[in-house]
Amino acid sequence: AQADKGTYPFYMLKEIDEQPNVMRKLAQVYLNDAGDPVINTDLLAALKAADRLYVVAAGTSYHAGLVGAKLFESLASVPTEVHVSSEFAYNQPLLSEKPFFIFLTQSGETADSREVLLNVNEQKFPSLTITNVPNSTLSREATYTLLLHAGPEIAVASTKAYTAQIALQAILAKALGQAKQQSGANAFDVKQQLALVANGMQALVDEKDTFDQLAKADLLHTPNTFYIGRGLDYAVSLETALKLKEISYVQAEGFASGELKHGTIALIEKDTPVIGIITQANTAGLTRSNLQEVSARGAKTITIVTDALAKNDDTIVLPTVDERMTPLLSVVPGQLLAYYTSLNKGLDVDKPRNLAKSVTVE
Ligand code: G6P
């Protein structure tokens, strides 16, 4: 059954708004009263036996994987690589001795990812598909499956599936860390974090007018723009730039903020919007310097910053959560900016040109 759009003009806005509830739903499904993960024991044993995780995905799911890898490394101390499925499929890197594969796929039908899964199955390696669609092809063909419980996602540009994938990876990383007796995993209160994230998301989606105005002022008439950040903020920059490209057709790039000066800064002109994401204390000052560099060359800078790191003239301030969970909040302004840029251009937000929700050809 198709989800109902209700009073929303587009599914995308409805799906952005659903994110706080998706966070709560995942906590309800995958955490017990004490806040500990409830994960299939065979799956946990297989994960524990692995010496390296390989996260394989396409598009927005790939971007969710970039965040997930940091969670697996930080909470479970397991080296984790993230790969674009269409690349991995025909250029498989040297694998570790005991690899475990995690497929992230909203639809469970992406042909590029399935091609990798077929190879993985042939090599008899264990795998997990994290998907929003029960009984989808990748869910049936992997060794294990976990569902995102995000409800149907209709808009081509993925929003709630991305945040659900990150939240579920956080839960899984804590579960694996606890199984491996990692003290950091015990100390990480994922239940409390998801509750904080849900409230923070709600506060952001309640400020729609702010993002509408910002989109009108800075993004509507620009031919190009940049999102910049370091570490997790870079991962989110890639995703927020993709959102903007997909539905508003503004040329947008997500860039590692330190790398900008090694070439791409040549593209900065008067009034080029550059959006800095700043949520990590250890790199906040560096990204601020990078913003000053582009500002000195005429760029119009916008900042998305957590409360803990905010200064007086920051544009968008996010509530503070554990630094590893900030992508769940810092992505929301980017989703809303993309939405309002597309809307104000009069475009079909839910069905952008040239794109399909699920791509079943390689
Ligand atoms: C398509 C969609 C993207 C999506 C990608 C991967 O290109 O337009 O929004 O991120 O496929 O889809 P999946 O279902 O595997 O997550």
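What counts, and at which threshold
- Note that residues are indexed from 1 along each chain, following the sequence as it is written.
- Local features in this predicted model are restricted to residues whose pLDDT is 70 or higher, and side-chain atom pairs enter the listing and the counts only when it is 80 or higher, whereas totals over whole chains, interfaces and linings include all residues.
- Note on definitions: a residue is near a molecule or strand provided its C-beta atom, placed from the backbone, lies within 6 Å of it.
- Working definition: helices are DSSP H or I runs of at least four residues, strands are E runs of at least two. Numbering for both runs from the N terminus.
- We call Asp, Glu, Lys and Arg charged. Ala, Val, Leu, Ile, Met, Phe, Trp, Tyr, Cys and Pro are nonpolar, and the rest, Gly among them, are polar.
- To estimate how far a helix should reach, multiply one less than its number of residues by 1.5 Å.
- In this scheme the burial state of a residue depends on its C-beta neighbours within 10 Å: 20 or more other such atoms mean buried, 12 or fewer mean exposed, and anything in between means partly exposed; the C-beta positions come from the backbone.
- The directions from the helix axis to the C-beta atoms are what the arc is built from.
- Our contact criterion uses C-beta atoms placed from the backbone: two residues qualify when those atoms are within 7 Å.
- At least two bridges found by DSSP between two strands are what make those strands a pair.
- By convention, orient the strands away from the viewer: a clockwise path from the first strand over the helix to the second makes the crossover right-handed.
- Axes here refer to lines fitted to C-alpha atoms; in helices the fit is confined to the stretch in contact. Angles between the N-to-C directions go from 0 to 180 degrees.

## Examining the site of the ligand
Surrounding the ligand, one finds 16 residues, the nearest of these being Gly59, Thr60, Thr105, Ser107 and Thr110. When residues in the shell around the ligand are grouped by element, the largest group, three residues, is from helix H4 (residues 59–76). Here the shell around the ligand is composed, by residue class, of five nonpolar, ten polar and one charged.

## Points about helix H11 (residues 208–219)
Relative to the 16 Å expected for twelve residues at 1.5 Å per residue, H11 spans 15 Å between its end C-alpha atoms, a close match to the ideal helical length. Residues of H11 that are buried include every one of Phe211, Leu214, Ala215 and Leu219, and no others. The arc that holds every buried residue of H11, seen down its axis, measures 105 degrees, which confines them to one face. In H11, the exposed residues that point more than 90 degrees away from the buried face are Asp209, Gln213 and Ala217. Those residues of H11 that are buried are in contact with strand E6 (224–229), strand E8 (273–278) and helix H14 (327–344).

## Side note on the pairing of strand E9 (residues 300–306)
The buried fraction of E9 amounts to six of the seven residues, a majority that puts the element mostly inside the structure. In terms of strand pairing, E8 meets E9 through six bridges, oriented parallel. Note on E9: the bridge partner recorded for Ile277 is Ile304. Handedness of the E8-helix H13 (residues 281–295)-E9 crossover: right-handed.

## Notes on the sheet that holds strand E3 (residues 99–105)
The five strands are arranged E2-E1-E3-E4-E5 in an open sheet whose pairing can be described as parallel. At either margin of the open sheet sits one strand with a lone partner, and together these are strand E2 (80–84) and strand E5 (144–147). Strand-to-strand twist in this sheet, taken as the mean axis angle between neighbours without regard to direction, amounts to 20 degrees. The sheet contact formed by strand E1 (residues 52–57) and E2 spans five bridges and is parallel. Residue pairing across strands places Leu53 opposite Thr80, the latter belonging to E2.

The quantities given are spatial measurements derived from coordinates; they are silent on function.
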